[in-house]
Amino acid sequence: MIVKSGSAVWSGSLKEGKGSVSTESGALKDQPYGFAIRFEGKTGTNPEELIGAAHASCFSMALSNILGQEGIVPEKIATTSKVTLDMTDGPKVTKVHLVTEISAPADADKILECAEKAKAGCPISQLLNAEITMDAKVV
């Protein structure tokens, strides 16, 4: 079993407070986040952006694995995960849309079939309680 961790520290009220987020690996160390960053477009990170990065990287690795099981070694998989925070009923992540371009020496239909499997099967997709859609293009 593998266990990884991220941490956050928050001080103050919701709107005036400040926080910092870090990862066990040190890739993020005391990265600032706060209300203005999350809801008003100020510079910094936010939970949705971090989920998007985690999902894009997890999907790309899962797709590489699935392609490999088919004997296909991808040249490049470039993925963006767009996380929608819906404010209708309070903040709630309702949708995640993957946009991926896959360059691999194989039939496009086979590659897209593998991409669908990766979308459904990657651990972060399985974690999310949201509608997950995808635009996949073989380049």
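Attention in this report is confined to the structure presented alongside it.

### Concerning the pairing of strand β2 (residues 18-23)
Each regular strand shows side chains that alternate between the opposite faces of the sheet.
Alright, step 1. Two elements, strand β1 (residues 6-11) and β2, share 6 bridges in a ladder whose sense is antiparallel. Bridging across to β2, valine 9 finds its partner in serine 20.
Alright, step 2. Linking β1 back to β2 in an antiparallel pair, the connection comprises 6 residues, with glycine 12 at a positive phi of about 100°.
Alright, step 3. Direction of pairing for β2 relative to strand β3 (residues 31-33): antiparallel, over a ladder of 3 bridges. Note that in β3 the partner of glycine 19 across the bridge is tyrosine 33.

### Description of the packing of helix α2 (residues 47-69) against helix α3 (residues 108-121)
Alright, step 1. For the pair α2 and α3, the least separation of the axes is 9 Å and the interaxial angle reads 130°. The orientation of α2 relative to α3 falls into the category oblique. When the axes of α2 and α3 are compared, the crossing they make is right-handed. Every residue of α3 that contacts α2 at Phe59, Ala62, Leu63, Ile66 and Leu67 is listed here: Ile111, Cys114, Ala115, Lys117, Ala118 and Lys119.
Alright, step 2. Taken together, the residues of the contact of α2 with α3 break down into 9 nonpolar, no polar and 2 charged.

### What to know about the sheet that holds strand β6 (residues 131-138)
Alright, step 1. Sheet architecture is open: 3 strands sit in the order β4-β5-β6, paired in mixed fashion. With one partner strand each, in any of the chains shown, β4 (76-86) and β6 form the two edges of the open sheet. When the angles between neighbouring strand axes are averaged without regard to direction, this sheet yields 15°.
Alright, step 2. Together, β4, β5 (92-103) and β6 form the strand contacts of α2, whose direction differs from that of β4 by roughly 145°.
Alright, step 3. Relative to the sheet, α3 contacts β5 and β6, its axis offset from that of β6 by approximately 155°.

### Description of the packing of aromatic side chains
Alright, step 1. Scanning the entire structure with this criterion turns up 2 aromatic pairs.
Alright, step 2. Residues tryptophan 10 and tyrosine 33 carry aromatic rings whose centres are separated by 5.3 Å and whose planes lie at 50° to one another, so their mutual orientation is tilted. On the criterion of sequence distance, the pair formed by tryptophan 10 in strand β1 and tyrosine 33 in strand β3 is long-range, its members being 23 residues apart.
Alright, step 3. The class for tryptophan 10 is partly exposed, based on a relative accessible area of 33%.
Alright, step 4. For tyrosine 33, a relative accessible area of 19% puts it in the buried group.

### Section: α2
Alright, step 1. Compared with an ideal rise of 1.5 Å per residue, which puts 23 residues at 33 Å, α2 spans 33 Å between its outermost C-alpha atoms and is within 8% of the ideal.
Alright, step 2. Buried within α2 we find Glu48, Gly52, His55, Ala56, Cys58, Phe59, Ser60, Ala62, Leu63, Ile66 and Leu67.
Alright, step 3. Summarising the contacts, the buried residues of α2 are in contact with α1 (35-39), β4, β5, α3, α4 (123-127) and β6.
Alright, step 4. After α2 finishes, the residue glycine 71 shows a positive phi value of roughly 80°.

About the thresholds
Every chain begins its residue count from 1, and numbering advances along the sequence as written. In keeping with the model being predicted, local features are shown solely for residues with a pLDDT of at least 70 and side-chain atom pairs are shown and tallied solely at 80 or more, while totals for entire chains, interfaces and linings include all residues. To get the side-chain values, take all heavy atoms of the structure and skip hydrogens and water. Think of it this way: DSSP has to see at least two bridges between two strands before they count as a pair. Comment: elements are numbered from the N terminus, with helices defined as DSSP H or I runs of at least four residues and strands as E runs of at least two. Simply put, an axis is a line fit to the C-alpha atoms, just over the touching stretch for a helix, and the angle between two N-to-C directions goes from 0 to 180 degrees. By definition in this entry, angles of less than 35 degrees are roughly parallel, angles greater than 145 are roughly antiparallel, angles of 65 to 115 are roughly perpendicular, and the rest are oblique. Crossing handedness follows the turn of the near helix against the far one: under a right angle anticlockwise gives a left-handed crossing, and clockwise gives a right-handed one. Only heavy atoms enter the contact rule, under which two residues are in contact if any of them lie within 4.5 Å. Classes in brief: Ala, Val, Leu, Ile, Met, Phe, Trp, Tyr, Cys and Pro nonpolar; Asp, Glu, Lys and Arg charged; the others, Gly included, polar. We call Phe, Tyr and Trp rings a pair once their centres come within 6.5 Å, taking the six-membered ring for Trp, and we label the pair stacked below 30 degrees between planes, edge-to-face above 60, and tilted otherwise. Under the scheme applied here, a residue whose accessible area is under 20% of the maximum for its type counts as buried, over 50% as exposed, and between as partly exposed, the area being computed with a 1.4 Å probe on protein chains only. A helix's residues, less one, multiplied by 1.5 Å, set its expected span.

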